[in-house]
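# Commentary on secondary and tertiary structure
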Amino acid sequence: MPDNQNKSGGFERNPSILSLLTKTQLVDFVEKLFLNEGSIETLSLDQKFLRRFIEKTSLHYRENPYHNFHHAVDTVNTIGWMISLPVFHRHLPQHHKFLLLFTALIHDIEHPGHNNQWEISIQSALAKKYQNEAVLEKHSLDVTRHLLSDPKYIFLAKVEAETVGDWMNTIEELVMSTDFAAHRGFLDDFGAYLENNEPDFSQPQFLSWITRALMKAADIANTSKPFPEAMVWGKRVMMEFWAQGVMEKSRNFPVGPLNDPETVKLNAAQAGFIRFAVLELFQLIARIEPGFQLLVDTLTTNLAIYDEMAQSGDDLFE
Ligand SMILES: [Zn+2]
């Protein structure tokens, strides 16, 4: 595989983010990604305040096995790599590139390490506040709005209020798109849109589809990394699911389909996730940007490895 497929606009497809151990190292890394992409300069955003915002954001992520600041940093890097691919680099408006990086940074802020269903099952204060709809996504948005209203972090000070309002609407749309409850519907509707419309970056409707698709893809792109790395992220996410399953059993709640540690195996769960949730999304984006084929190929390889292990009863945790 030629090296240049793994690098895009100065972004590495798979830097060793998990080897960055301190918050300062991670904040440094994210700041460099934003600078590298170029929006800070082009959009006259305040770098010093942005750095403070990134630092503050890092403190609001929790030490979960999966939904932690490493996942946020990984998502920022991945979306940076994706939007540097030729078609997106050439055609995506600059502020959309910035909003994708920004949304990747904040999209899981204050994630508690279990999912929306758990919040609903325990009738938590957040579930009540958001009436059981996209509870954690709406909470992350509200935390972000709160931070952005603090004078210490207003890196958007030089941007007109009306523009900031428009940007917040886009950020909301992008964060809401990461709610997996709407994933199947999104794939069907995005596929139908591409059947009936040519990709046209001057059309707001197409921009909405492609930016949401990229955000969703970056969020689950750890499955498309080379297998050893994909497996590490896969183990992390299963640790969260299983921990929730134990809590669900202890309270006699219905156990989520991926949450029972006694019956759900990592290999089969990851294979099912790639087969039914990930591949189709990446294949749809590859129709617009051929550089995505590299990710589709790696997903196909990883799927074959997981399938083979699942069939032979080889459990990665044994
Ligand atoms: Zn996420």
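## Examining the layout of surface pockets
Considering only enclosed or pocket space, the largest pocket measures out at about 1100 Å³ in volume. Around the largest pocket, the lining is made up of 42 residues, and of these His67, Asn115, Phe180, Ala181 and Phe241 lie nearest the centre. Mapped by element, the contributors of at least two residues to the lining of the largest pocket are α7 (116-121), α9 (135-148), α13 (227-250) and α14 (266-286). For the lining of the largest pocket, a count of residues per class yields 16 nonpolar, 19 polar and seven charged.

## Description of the pattern of salt bridges
As enumerated under the stated definition, the model contains 15 salt bridges in all. A salt bridge links Arg145 to Glu172; the shortest N-O distance between them is 2.9 Å. Of the two residues, Arg145 is situated in helix α9 and Glu172 in helix α10 (residues 161-177); the sequence distance between them amounts to 27 residues. A residue is classified by how much of its surface remains accessible, and Arg145, at 33% relative accessible area, is partly exposed. Note that Lys249 is salt-bridged to Asp260, the shortest N-O span being 3.0 Å. Taken together, the residues Lys249 in helix α13 and Asp260 in the loop between α13 and α14 connect sequence positions 11 residues apart. On the basis of relative accessibility, which here comes to 32%, the residue Lys249 falls in the partly exposed class. Look at Asp260 and you get buried, because its relative accessible area is 14%.

## Looking at empty space enclosed by the protein
A full pass over the atoms with the stated rule returns two cavities of 30 Å³ or more. In this structure, the largest cavity encloses a volume near 70 Å³. Forming the boundary of the largest cavity are Arg13, Thr78, Trp81, Met82, Ala221, Ser224, Lys225 and Leu295. Per element, the largest residue contribution to the lining of the largest cavity is three residues, and it comes from helix α4 (residues 69-83). Classifying every residue of the lining of the largest cavity gives four nonpolar, two polar and two charged. Space inside the second largest cavity adds up to approximately 30 Å³. Along the walls of the second largest cavity sit Phe98, Leu99, Phe102, Phe155, Leu156, Trp167, Met168 and Ile171, which together make up its complete lining.

## Structural notes on the coordination of the zinc ion
Distances from the zinc ion to its protein donors, namely His71 (NE2), His107 (NE2), Asp108 (OD) and Asp219 (OD), fall within the range 2.1 to 2.2 Å. For the zinc ion, the four donor atoms are set out with angles of 87 to 173° between them, so the coordination reads as irregular. The sequence pattern describing where the donors of the zinc ion fall on their chain is H-x35-H-D-x110-D. Of this pair, His107 sits in the loop between α6 (94-106) and α7 while Asp219 sits in helix α12 (residues 204-219), placing them 112 residues apart in sequence. Note on accessibility: His107 and Asp219 belong to one class, buried.

## Considerations on the packing of α14 against helix α15 (residues 293-311)
Between α14 and α15, the shortest axis-to-axis distance is 9 Å and the interhelical angle comes to 160°. In terms of orientation, α14 and α15 fall into the roughly antiparallel class. The two elements α14 and α15 cross, and the hand of that crossing is left-handed. Here Leu266, Asn267, Ala268, Gln270, Ala271, Ile274, Arg275, Val278, Leu279, Phe282, Gln283 and Ala286 of α14 lie close against α15, whose contacting residues are Gln293, Leu295, Val296, Leu299, Thr300, Asn302, Leu303, Tyr306, Asp307, Met309 and Ala310. Broken down by class, the residue content of the contact of α14 with α15 amounts to 15 nonpolar, six polar and two charged.

## So, the packing of α6 against α12
Between α6 and α12, the shortest axis-to-axis distance is 10 Å and the interhelical angle comes to 35°. Crossing angle aside, the handedness with which α6 passes α12 is right-handed. From α6, His96, Leu100, Thr103 and Ala104 reach across to α12, where they touch Leu207, Thr211, Leu214 and Met215.

## Things to note about the environment of Lys56
Topologically, Lys56 is positioned in helix α3 (residues 47-60). On the accessibility criterion, Lys56 (26% relative accessible area) is partly exposed. It is 9.9 Å that separates the C-alpha atoms of Lys56 and Lys152, two residues lying 96 residues apart in sequence. Residues within four places of Lys56 in sequence aside, it is in contact with Leu147 and Tyr153.

## Some words on the side chain of His96
As for its position among the elements, His96 is in helix α6. On the basis of relative accessibility, which here comes to 12%, the residue His96 falls in the buried class. Excluding residues within four positions of it along the chain, His96 makes contact with Leu207 and Thr211.

Definitions and limits used
Residues numbered from 1 in each chain as written. Predicted model: local features only at pLDDT ≥ 70, side-chain atom pairs only at ≥ 80, totals over all residues. Heavy atoms only, no water. 1 Å grid on protein atoms, 1.4 Å probe; cavity = no way out; pocket = protein on both sides within 12 Å on 5 of 7 lines; lining within 4 Å. Points joined across faces, edges and corners; volume = space filled by probe spheres on them. Helix = DSSP H or I, 4+ residues; strand = E, 2+ residues; numbered from the N terminus. Nonpolar A, V, L, I, M, F, W, Y, C, P; charged D, E, K, R; others polar. Salt bridge = Lys/Arg side-chain N within 4 Å of Asp/Glu carboxyl O. Buried < 20%, exposed > 50% of the residue type's maximum accessible area, 1.4 Å probe, protein only. Donors = N, O, S within 2.8 Å, 3.2 Å for Na, K, Ca; no water. Tetrahedral: all angles 85-135°; square planar, octahedral: opposite > 155°, others 65-115°. Axes fitted to C-alpha atoms, helices over the stretch in contact; angles between N-to-C directions. Parallel < 35°, antiparallel > 145°, perpendicular 65-115°, else oblique. Left-handed = near helix turned anticlockwise from the far one by under 90°. Contact = heavy atoms within 4.5 Å.

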